[in-house]
Amino acid sequence: MANIYDSAYDLEKAIRNSDEFQALKAAYDTVMADDIAKKMFDDFRNTQIELQQKQMQGLEITEEEVEQARKVVETVQQHEQISKLMEEEQRLNVLINDISRIITKPLEELYGVEEQEQE
């Protein structure tokens, strides 16, 4: 039987070589090569991180912070290169979610059977 970690590393290589990842990397490189786009993207990411950290700490996010985040999102969505990057990221996320469903299928089947038996 193959080592499960070897299979995981093979999957990592397959993801890295996938069209979805390659398109994401190209879109990311394009954004990083443009000073204005890079600054906008960095501001967007920093805003996301700050709000996530507040949520994880159980702190309340103010209406002003929500409005500021909305404006940042609207701004980056209007930038063609960043919009393309976000689209490619979404495509890769779909792929990864599909893979996650496949690899967790044994657990779903195991617990799904138990749940049906208990009903």
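Presented here is an overview of the structure given in this document. No experiment lies behind these values; they were computed from the predicted model shown.

## Re the layout of surface pockets
Moving on, step 1. The calculated volume of the largest pocket comes to roughly 180 Å³.
Moving on, step 2. Together, Leu24, Tyr28, Phe41, Phe44, Arg45, Gln48, Leu85, Met86 and Glu89 line the largest pocket.
Moving on, step 3. Those elements that place two or more of their residues in the lining of the largest pocket are helix H2 (19–33), helix H3 (35–56) and helix H5 (80–103).
Moving on, step 4. Broken down by element, the residue count for the lining of the largest pocket peaks at four residues, all from H3.

## Things to note about the packing of H2 against H3
Moving on, step 1. As a packed pair, H2 and H3 sit with axes 5 Å apart at the nearest point and diverge in direction by 105 degrees. Viewed along their axes, H2 and H3 adopt a mutual orientation that is roughly perpendicular. Residues Tyr28, Val31, Met32 and Ala33 of H2 lie in contact with H3, whose contacting residues are Asp35, Ala37, Lys38, Phe41 and Asp42.
Moving on, step 2. Looking at side-chain class alone, the contact of H2 with H3 contains six nonpolar, no polar and three charged residues.

## Description of the side chain of Lys54
Moving on, step 1. Its location among the elements puts Lys54 in helix H3.
Moving on, step 2. A polar contact is formed between the side chain of Lys54 and the side chain of Glu65, at a distance of 2.9 Å.
Moving on, step 3. For Lys54, the contacting residues outside a window of four places in its chain are Leu59, Glu60, Ile61 and Glu65.

## A few points about H5
Moving on, step 1. Between its terminal C-alpha atoms H5 stretches 35 Å, which fits the 34 Å expected from 24 residues at 1.5 Å a residue.
Moving on, step 2. By the burial criterion, the buried members of H5 are Ile82, Leu85, Glu88, Leu92 and Ile99.
Moving on, step 3. Contacts made by the buried residues of H5 are with helix H1 (4–17), H2, H3 and helix H4 (63–78).

## Examining the nonpolar core
Moving on, step 1. Of all hydrophobic cores here, the largest spans 14 residues; its most connected members are Val31, Phe41, Phe44, Val76, Ile82 and Leu85.
Moving on, step 2. Only H2, H3, H4 and H5 provide two or more residues apiece to this core.

## Describing the packing of aromatic side chains
Moving on, step 1. Taken as a whole, this structure holds two aromatic pairs when the rule is applied.
Moving on, step 2. On the numbers, 6.4 Å between centres and 80 degrees between planes, the contact of Tyr28 with Phe41 is edge-to-face. One end of the pair, Tyr28, is in helix H2; the other, Phe41, is in helix H3, with 13 residues separating them in the sequence.
Moving on, step 3. For Tyr28, a relative accessible area of 38% translates into the label partly exposed.
Moving on, step 4. Here Phe41 falls in the buried class, since its relative accessible area comes to 8%.
Moving on, step 5. Judged by centre distance (6.4 Å) and plane angle (45 degrees), the ring pair of Phe41 and Phe44 falls under tilted.

## Observations concerning the pattern of salt bridges
Pairing between side chains of opposite charge can happen when their charged atoms approach one another.
Moving on, step 1. All chains considered together, the criterion is met by ten salt bridges.
Moving on, step 2. The partner of Lys25 in a salt bridge is Asp29, with the nearest N and O atoms 3.0 Å apart. In this pair, Lys25 and Asp29 are both assigned in helix H2, four residues apart and thus about one turn of the helix distant.
Moving on, step 3. Classification of Lys25 by relative accessible area gives partly exposed; the value is 39%.
Moving on, step 4. Relative accessible area serves as the criterion here: at 37%, Asp29 is assigned to the partly exposed category.
Moving on, step 5. Ionic pairing is found between Asp42 and Lys38, a salt bridge with its closest N-O pair at 2.8 Å.

What counts as what
Residues numbered from 1 in each chain as written. Predicted model: local features only at pLDDT ≥ 70, side-chain atom pairs only at ≥ 80, totals over all residues. Heavy atoms only, no water. 1 Å grid on protein atoms, 1.4 Å probe; cavity = no way out; pocket = protein on both sides within 12 Å on 5 of 7 lines; lining within 4 Å. Points joined across faces, edges and corners; volume = space filled by probe spheres on them. Helix = DSSP H or I, 4+ residues; strand = E, 2+ residues; numbered from the N terminus. Axes fitted to C-alpha atoms, helices over the stretch in contact; angles between N-to-C directions. Parallel < 35°, antiparallel > 145°, perpendicular 65-115°, else oblique. Contact = heavy atoms within 4.5 Å. Nonpolar A, V, L, I, M, F, W, Y, C, P; charged D, E, K, R; others polar. Polar contact = N/O pair within 3.5 Å; in protein donor to acceptor, adjacent residues only side chain to side chain. Expected span 1.5 Å × (residues − 1). Buried < 20%, exposed > 50% of the residue type's maximum accessible area, 1.4 Å probe, protein only. Core = buried A, V, L, I, M, F, W, Y, C linked by side-chain atoms within 4.5 Å. Phe/Tyr/Trp six-rings, centres within 6.5 Å; stacked < 30°, edge-to-face > 60°. Salt bridge = Lys/Arg side-chain N within 4 Å of Asp/Glu carboxyl O.

Remember that the coordinates give geometry; whether it matters functionally is a separate question.
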